Each structure stands twice: as C-alpha cells, then as structure tokens.
Amino acid sequence: MTPRRPLLLVLSLLLAPLAARAQDEGPPQPARDTPRAPELQPPAPPEGPRLELEGLEDPANPSGTAPPAEATPGTNEQDTFRQRLQPTSTLSQRAAAILDRTTLGGYAEHDFIVPGQGKSTFRNHRYVLFVYSHISERISTATEIEFEFAGSPLKRDGVLTTGEVLLEFSVVDLKLTDWMTFRAGVILVPVGAYNLRHDAPAQELPERPIAYTTVVPTTWFESGAGFLGGFDLGRDWRLSYEAYAINGLDARILDDQGFRAARGSHLEDNNHDKALTARVSLSPFLGLEGAVSGYTGAYDLEGRRVNMLNADVFWRIGAWDLTGEVVRAFIDPGFVQGFPDGSTANTRDRVPTGMFGFYAQANYRFRIEPFFRLLPDEWHDGHFTASLRYEEKDTDTEFITVGDSARLTLGLNFRPLPPYVLKTSVWWEKGGGDGLQPHLWTRDFWSQGHWTALASVAYLF
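Residues numbered from 1 in each chain as written. Predicted model: local features only at pLDDT ≥ 70, side-chain atom pairs only at ≥ 80, totals over all residues. Heavy atoms only, no water.

- In the annotation of an unreviewed UniProt entry, the entry for the chain reads Phosphate-selective porin O and P, and the organism field reads Cystobacter fuscus.

## A closer look at the overall build of the chain
Right, so step 1: Counting its secondary structure elements, the chain contains five helices and 20 strands.
Right, so step 2: The buried share of the chain, taken over its 461 residues, is 37%.
Right, so step 3: In the chain, once contacts between residues fewer than 6 apart in sequence are set aside, the share between residues at least 24 apart is 59%.
Right, so step 4: Of the roughly 26,900 Å² of accessible surface on the chain, 61% is carried by carbon and sulfur atoms. (Helix = DSSP H or I, 4+ residues; strand = E, 2+ residues; numbered from the N terminus. Buried < 20%, exposed > 50% of the residue type's maximum accessible area, 1.4 Å probe, protein only. Contact = heavy atoms within 4.5 Å. Areas by Shrake-Rupley, 256 points an atom, 1.4 Å probe, with all protein chains shown as cover.)

## Considerations on unusual backbone geometry
Right, so step 1: Residue Pro-153 is bonded to the preceding Ser-152 through a cis peptide linkage, with omega at 0°.
Right, so step 2: Tracing the backbone shows Pro-153 in the loop between strand S3 (139–148) and strand S4 (154–156).
Right, so step 3: The omega torsion of the bond from Thr-218 to Thr-219 falls at 5°, within 30 degrees of zero and hence cis.
Right, so step 4: Mapped onto the elements of the fold, Thr-219 is located in the loop between strand S7 (180–188) and strand S8 (221–233).
Right, so step 5: Of note in the backbone geometry, Asp-157 takes a positive phi value of approximately 55° without being a glycine.
Right, so step 6: With respect to the helices and strands, Asp-157 occurs in the loop between S4 and strand S5 (159–161).
Right, so step 7: One non-glycine residue, Arg-348, lies in the positive phi region at around 65°.
Right, so step 8: Summarising the element assignment, Arg-348 is placed in the loop between strand S14 (334–335) and strand S15 (350–351).

## Structural notes on the pairing of S7
Right, so step 1: Two elements, strand S6 (residues 164–177) and S7, share seven bridges in a ladder whose sense is antiparallel. If you follow Val-171 over to S7, its bridge partner there is Gly-185.
Right, so step 2: For S7 and S8, the ladder comprises eight bridges, and the chain directions are antiparallel. Its bridge partner being in S8, Arg-183 is matched across the sheet by Gly-226. (Pairing = 2+ DSSP bridges.)

## Considering the pattern of salt bridges
Right, so step 1: For the coordinates displayed, the defined rule picks out 27 salt bridges.
Right, so step 2: The shortest N-O distance in the salt bridge between Asp-178 and Lys-175 comes to 3.6 Å.
Right, so step 3: Judged by its relative accessible area of 35%, Lys-175 is partly exposed.
Right, so step 4: Between Arg-350 and Glu-398 there is a salt bridge, with its nearest N and O atoms 3.0 Å apart. Highlighted residues: Arg-350 in strand S15 and Glu-398 in the loop between strand S17 (383–394) and strand S18 (405–417), separated in sequence by 48 residues.
Right, so step 5: The structure contains a network of salt bridges with shared partners spanning Glu-109, Arg-126, Glu-146 and Glu-148. (Salt bridge = Lys/Arg side-chain N within 4 Å of Asp/Glu carboxyl O.)

## Describing the pairing of S8
Right, so step 1: Looking at chain direction, S8 and strand S9 (residues 237–246) are connected through ten bridges and run antiparallel. Considered in S9, the bridge of Leu-228 is made with Glu-242.
Right, so step 2: Between S8 and S9, which pair antiparallel and follow one another directly, the connecting turn spans three residues, one of which, Gly-234, has a positive phi of 85°.

## Here we look at a nonpolar patch on the surface
Right, so step 1: On the surface, Tyr-127, Phe-147, Val-165, Tyr-420, Leu-422, Tyr-459 and Phe-461 cluster together into a nonpolar patch covering about 580 Å² of accessible area.
Right, so step 2: With respect to the helices and strands, Phe-147 occurs in strand S3. (Patch = residues over 30% accessible without salt bridge, like charges linked within 9 Å, V, L, I, M, F, W, Y side chains within 5 Å.)

## What about the packing of aromatic side chains?
Right, so step 1: On inspection of all chains with the given rule, the structure shows 20 aromatic pairs.
Right, so step 2: Between Tyr-194 and Tyr-359 the ring centres are 6.3 Å apart and the planes differ by 85°, which places this aromatic pair in the edge-to-face class. Remark: Tyr-359 occurs in strand S16 (residues 354–366) and Tyr-194 occurs in the loop between S7 and S8; sequence separation between them is 165 residues. Side by side, Tyr-194 and Tyr-359 carry an identical accessibility label, which is buried.
Right, so step 3: With a centroid separation of 5.1 Å and 35° between ring planes, the pair formed by Phe-384 and Phe-414 is classed as tilted. On the criterion of sequence distance, the pair formed by Phe-384 in strand S17 and Phe-414 in strand S18 is long-range, its members being 30 residues apart.
Right, so step 4: Under the relative-accessibility criterion, Phe-384 is labelled buried at 12%.
Right, so step 5: Taken together, Trp-320, Tyr-364, Phe-366, Phe-371, Phe-372, Phe-384 and Phe-414 form an aromatic cluster joined through their ring pairs.
Right, so step 6: Taking the ring centre of Phe-335 as reference, the NZ or CZ of Arg-348 above it sits at 4.5 Å.
Right, so step 7: The ring of Trp-427 carries the charged tip of Arg-407 above its face, separated from the ring centre by 4.4 Å. (Phe/Tyr/Trp six-rings, centres within 6.5 Å; stacked < 30°, edge-to-face > 60°. Lys NZ or Arg CZ within 6 Å of the ring centre and 35° of its normal.)

## Comments concerning the side chain of Asn-195
Right, so step 1: Relative to the helices and strands, Asn-195 resides in the loop between S7 and S8.
Right, so step 2: In this structure Asn-195 touches Leu-188, Val-189, Val-216, Thr-218, Thr-219 and Trp-220, once residues within four positions along its chain are discounted.

## Some details on the environment of Asn-413
Right, so step 1: By the secondary structure assignment, Asn-413 is in strand S18.
Right, so step 2: Residue classification places Asn-413 among the buried positions, given a relative accessible area of 1%.
Right, so step 3: Taking the C-alpha atoms as reference points, Asn-413 and His-383, 30 residues apart in sequence, are found 8.6 Å from one another.
Right, so step 4: With sequence-adjacent residues up to four places away left out, Asn-413 is seen in contact with Glu-204, His-383, Phe-384, Thr-385, Val-421, Leu-422 and Lys-423.
Right, so step 5: A distance of 2.8 Å separates a polar atom in the side chain of Asn-413 from a polar atom in the side chain of Glu-204. (Polar contact = N/O pair within 3.5 Å; in protein donor to acceptor, adjacent residues only side chain to side chain.)

So this is what it looks like as structure tokens:
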C-alpha cells in the first residue's frame, strides 16, 4: 500500500457523516454570487375598496373572514350581477359588489333667519343625499332623498309632529339612442327650469322664488314614465326635451298655497286620467337657453282639469347672469273633494280658477383682489356674487287675496370654491291681504310691506 492510500481512506471516513447530513438537508444552495432564479409567488389579492357594514355580518361566518373563492363576486360584469341575485348571497356580499359602480353624494343648506315680524332662529333647512349607480353601458339609476328640518320627528310650537323625509327623485334610465332615453320612477316635473335645477349650492339667493314654491310647487315630483334627450341643430344650436305621463295633481288646490298641497301620491292616483307634462329648450350657443313647458291633467273624478304654461330663459353675458320665468295656470272651476268618504281632505273649499307668477333675476360676479390675496391658496379663484330679484305670485286670479304677493330681494354671497357658498339676502315683501294688488311701483308696497333677512351656508359633496 502506498503512503497516499491510508490518507485517502482516513479522509473518506471523516467526510462521510458530513455528506449524509447534506443529503438530508436538501440540494446544495448556489453560491452568493450566482444569479438566483425568481421564485414563483402566489398572486396577491387585488387592491380595491373594502366595505365595513357593522351589524351585517354573515351569521354563518361571524369572524368576518373572506368567503370561499366560489362565493366571491366575479370580475365579469354579468357574473357580478348573477352573484348579487343568488339567494345564498349575504347582504354584505351584495353591497360590496356594487361599490365599483355606485356613487354617493349630495348637498346641504343651513340658515339663520331674522324676520321683521317674529323671532330669529337657526334652521337646519335641508340635507339631501344623492345615489347614482351605473348598472350597465346603457342603464343607470339616480336617487335623491331629502331630510327637511332634520327629518322626523319635527318639534314645532313645543309639540312633536311628523317631519319630512322624502324620496324627491328616483329614476332608472334606459338609453335607447344618442338622442332618446327612457325614464321611469319618481320624476321631477319639467315645468320651468327652477324645479329641475333647484339645488341650493347652484342658486345665488338662499330663498326660492315665491311663485316657484306655490304655482309651480318646487320641489314638484310625481311618479311616472317618459322620454328625454337632445340633439344638435347645426354646429352651435341644440334642442333638448323631456316628456312624461305622471299621476298628476289632486283636488287640494288652495289659495295662498297654490298647488303645493295638491302634489300627488307615489302610492295611488286619485283618478284614472294620467297627466302629461313636457319641456322643450333651445340653446343657440353655450350660455343662452330659452324654453317652454306645460302640464295638463284632471284633478278630480269628474274630469276637471289643470292646464299650465311656463316660459324660462337664462343668458350669461360676461360676469352677468340674467334669468327669469313666468307661469300661468288655468283651472276648471271645482271644489276640494273626491277623496274617500270620511277623509278630512274633503273640505269642499272653492278651487281657484287661475294662478299667475313670475320672477326676474340678475347676478353679477366680481372679485376684490386684495381680499383674495389674504386667503388660502385654494380660495384664490373664488368670487363674490351680487343678486337682485323681483317677483310676484297670484294664487287666485279672480280676487285679490293673501295669496297675492310681491317681493324685492337684494343678495350678496361669497363662493371661495364652486361647491361651497355663504349667502346673505334681505327682501322687502307685501301681500294682498289689505285688498290692494301688490306691485313694486305702487306706494303701498313700500309703506305697508315688511322686511326679512336671511343668511345661509350651502355646500355640495
């Protein structure tokens, strides 16, 4: 045996345990300077909004862990709807499946009113929620829910009474063509522009026109269905339209209140006739629009009718906005009746045979540069608006009554950002309770009228 053989034998005996241990631990690792092949990782869950719904946990899954893969909504739009319609889907799963297609927003208005005759008060005037959902490429739905004076119950004169929580607008739209959409649901009646665009943050004065809370009872909404759309007439002109069949007004048509108490029910109509209403507007260029609109429908079981015509115009000229509307209602003679026997609504009061109202308003936008330089940067594009509006209403054209009124309003507001506005206004008003027709140009308008001041904050979110 050569001298090298005993040495090799000894080395093999010493290294054998180390080799066996390495075999048990797995394949040898590559050297640090050797490039490593990328390891295959399981795909990360997709990022997205999470829904926290307290009290809506799945009773069968109280831990809140994710459901199995086969129970989660699919990424395909049709699969998502099928999942939401499954009888085994929980409310949490159905709600989570609409987050990618539904938008929540709204607006609010809070006032401080100082009447010339009475007590000053803060009032939480309205809080309105908007919900919009894009169901598919051609189908969408929109809803407006209003809580007026903080909803219900409402405390007035020390007594708790029913407040107001209303579904003022709730429609589903089906787009048939580029110029026609079918709409059904709770519809804003398209008589005039103000009823369609009454949102407080979009208005420059805090109080609505007096004729457009009575003769046109803004917010005026009815259950029905119809069509809307628009199309271009040449390069600049555009025509738009809305036309619906709705339940319509009932017989509670009253002097002073106008048609406000006669707005219909979402549950039932008081007769078989369905009212028809439409508005057609024409815009020769951006910033100018004129429109005519109308309404016709029976208000009782005997077929007595209300017919209404309205014209409105809006014109933006530089820093000026000029706008106005005029409405005339023609009513068949009748009485407040036709409700079920025993109903307190059957007062047999005389129904006015005609109503009339209008307003004309000018708004001027301006800036005070030294003032804006002191404000935060995000407010540097804000502006002030000065407004002047004159208006009249007559809720019984046969007689001079308390329903006749004339008002002159001066307002100033500050809008640091488009969705937020601080408004102030003062108005002078005279009614017809003294038997004299109120007009701005008569002496008794100034000698017998009274003033009211109002400040408000309105915001869109």
